[in-house]
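# Structural features, examined
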Amino acid sequence: MRHDSPEIVIDQHYKGYNPVQFGSQSCAPGHAFGPSVRTHWLLHYVVYGFGIFVRDNVSYLVKPGDIFVIPPYEETYYEADGKNPWRYIWIGFTTEEAVPPPLEKAIVSCPEAGIVFEDMIRCRKMCAKIWELFSLLLEEGGPSADYVEKALNYMNTEYINDITVQQIAERLGLNRSYFSGLFSRQMGVSPQKYLIHLRLERAAELLAVYGESPATAGFSVGYPDIYHFSKIFKQHFGVSPRKYQQLYSRHK
């Protein structure tokens with residue numbers, strides 16, 4: 001079994017890209033950090049599991065192979081999935097240089113980066129590994145990645161409006177089957193399953209954190225039919241919305 005690496009302070013005041021901390025963690029269900037502000041860049045690579053990342057008041061569902069990006073002096077919040085929590089490896093650094101354009105995004109999907117982060121644990125040559133990571137990120141992208149990125153933006157901003165996979169494909173100018181295959185290859189899950197997971201995680205947050213009723217939570221994430229919402233919620237979490245709220249509410 002892999003043991004978690006405690007946070008390691010490694011600030012050597014290098015010029016260019018200067019590593020300042022490093023670590024890894026297998027999080028407990030619902031483990032959260034923030035809201036907080038960092039004074040340096042911080043990149044988390046998700047090895048397995050899921051979680052929520054909030055930046056600029058936008059929430060993102062984070063999956064294995066994703067890097068969630070925390071820039072200096074921006075408030076962020078992140079929380080492990082209550083059912084399938086994540087394990088991540090992180091690297092923090094300071095710099096006066098520009099960072100690669102992909103790091104301007106909140107989420108970067110780059111499963112190939114996993115080996116670089118794992119190598120950080122083994123060899124601890126952080127400066128070299130940061131350059132290797134940046135080189136890899138600059139090679140990523142292209143038309144397919146752009147389509148998926150746009151689809152994720154649609155989902156994260158319009159899930160409340162009952163947006164469908166068909167509508168997303170039409171907005172992208174793609175055939176639904178082609179779009180679904182494209183999305184599944186890059187994300188490791190179908191767009192329909194991703195959208196359902198996104199909606200139900202948001203609903204669970206409304207129930208447990210904000211104390212909303214099941215009817216309000218369902219309506220707020222695109223399920224106006226309370227009976228359909230309750231059925232699909234129970235299939236996902238194993239308990240009804242009301243029972244979930246009783247178990248995990250922070251308003252007890």
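Residues numbered from 1 in each chain as written. Predicted model: local features only at pLDDT ≥ 70, side-chain atom pairs only at ≥ 80, totals over all residues. Heavy atoms only, no water.

## Quick notes on unusual backbone geometry
Quick note on the threshold: In DSSP terms, a helix is any run of H or I states spanning at least four residues, a strand is any run of E spanning at least two, and both are numbered starting from the N terminus. Buried residues are those whose accessible area, probed at 1.4 Å on protein chains only, stays under 20% of the maximum for their type, while exposed residues exceed 50% and partly exposed ones sit between those limits.
The step from G34 to P35 runs through a cis peptide bond, and the omega angle for that step is 0°. The backbone of Y73 shows a phi angle near 65°, a positive value even though the residue is not glycine. Following the sequence through the fold, Y73 ends up in the loop between β7 (66-70) and β8 (75-80). Residue Y73 is classed as exposed on the basis of its relative accessible area, which comes to 59%. The residue D162 is not glycine, and still its phi comes out positive at about 60°. Taking the relative accessible area as the measure of exposure, D162 reaches 42% and is therefore partly exposed.

## Considering the nonpolar core
To keep things clear, this is the line we draw: Nonpolar cores were defined as sets of buried Ala, Val, Leu, Ile, Met, Phe, Trp, Tyr and Cys residues, with membership established by side-chain atoms within 4.5 Å. What makes two residues a contact is simply this: any of their non-hydrogen atoms within 4.5 Å.
Counting residues in hydrophobic clusters, the biggest one holds 36 residues, and the most contacted among them are F179, F183, Y194, F233 and Y244. The set of elements that each furnish at least two residues to this core consists of β5 (51-55), α3 (143-158), α4 (165-172), α5 (176-187), α6 (191-208) and α8 (226-237). Looking at which element gives the most residues to this core, the answer is α6, with 8 residues. If near-sequence neighbours (up to four positions away) are discounted, Y194 is found in contact with L61, L152, M155, N156, F183, M187 and V189.

## Comments concerning the pairing of strand β4 (residues 41-48)
Successive side chains on a regular strand alternate, one facing one side of the sheet and the next facing the other. Just so we agree on the cut-off: Two strands form a pair only when DSSP identifies at least two bridges running between them.
Counting buried residues in β4 gives 6 out of 8 residues, a clear majority hidden from the surface. Alignment of β4 against β7, held across 4 bridges, turns out to be antiparallel. Bridging across to β7, L42 finds its partner in I70.

## Comments concerning the sheet that holds strand β6 (residues 58-62)
Operational definition: Axis definition: a line fitted to C-alpha atoms, over the contacting stretch in the case of helices. Angles run 0 to 180 degrees between N-to-C directions.
Strand order in the open sheet made by the 4 strands is β3-β8-β5-β6, with antiparallel pairing throughout. In this open sheet, the two edge strands, each paired with only one partner strand, are β3 (32-37) and β6. Direction aside, neighbouring strands of the sheet carry axes that sit 15° apart on average. Of the strand pairs in this sheet, β3 and β8 are connected by 4 bridges, and their pairing is antiparallel. For A32, the partnering residue across the bridge sits in β8 and is E79. Sheet contacts for α6: β5 and β6; angle to β6, the most-contacted strand, approximately 125°.

## So, the environment of G218
Mapping G218 onto the fold places it in helix α7 (residues 214-220). By relative accessible area, which is 0% here, G218 ends up buried. Not counting residues up to four positions away in its chain, the partners in contact with G218 are Y223, P224 and F229.

## Some words on the packing of aromatic side chains
In plain terms, the rule: Between the rings of Phe, Tyr and Trp (Trp by its six-membered ring), a pair exists once the centres lie within 6.5 Å; its type follows the angle of the planes, with under 30 degrees stacked, over 60 edge-to-face, and the other angles tilted. When the NZ atom of lysine or the CZ atom of arginine is within 6 Å of a ring's centre and also within 35 degrees of its normal, the charge is said to sit over that ring.
Evaluated as defined, the whole model comprises 22 aromatic pairs. An aromatic cluster of three or more residues is present, and its members are F33, F53, F68, Y78, W86, Y88 and W90. The cationic tip of R171 hangs over the ring face of Y154; the distance from NZ or CZ to the ring centre is 5.0 Å. Looking at R199, its charged tip hangs above the ring of Y223, at a distance of 5.9 Å from the centre.

## What about the environment of E75?
Tracing the sequence through the fold places E75 in strand β8. With relative accessibility at 52%, the residue E75 sits in the exposed group. Sequence-wise, E75 and V54 are 21 residues apart; in three dimensions their C-alpha atoms are separated by 8.5 Å. Apart from the residues lying within four places of it in its own chain, the contact partners of E75 are P35, S36, V37, V54, R55 and D56.

## Description of the pattern of salt bridges
Pairing between side chains of opposite charge can happen when their charged atoms approach one another. Here is the rule: Whenever Lys or Arg places a side-chain nitrogen within 4 Å of a carboxyl oxygen from Asp or Glu, that contact is recorded as a salt bridge.
Under the defined criterion, the tally for this structure stands at 8 salt bridges. A salt bridge links E118 to R87; the shortest N-O distance between them is 3.6 Å. In this pair, E118 is assigned in helix α1 (residues 114-123) and R87 in strand β9 (residues 87-95), connecting sequence segments 31 residues apart. Considered together, E118 and R87 belong to a single accessibility category, that of buried residues. Residue K129 pairs with E132 through a salt bridge whose shortest N-O separation is 2.9 Å. A residue pair is termed a helical-turn pair when its members lie 3 or 4 positions apart in one helix, as K129 and E132 do in helix α2 (residues 126-139) at 3 residues. On the basis of relative accessibility, which here comes to 36%, the residue E132 falls in the partly exposed class. When salt bridges with common partners are traced through the structure, they connect R55, D56 and E74 into a single cluster.

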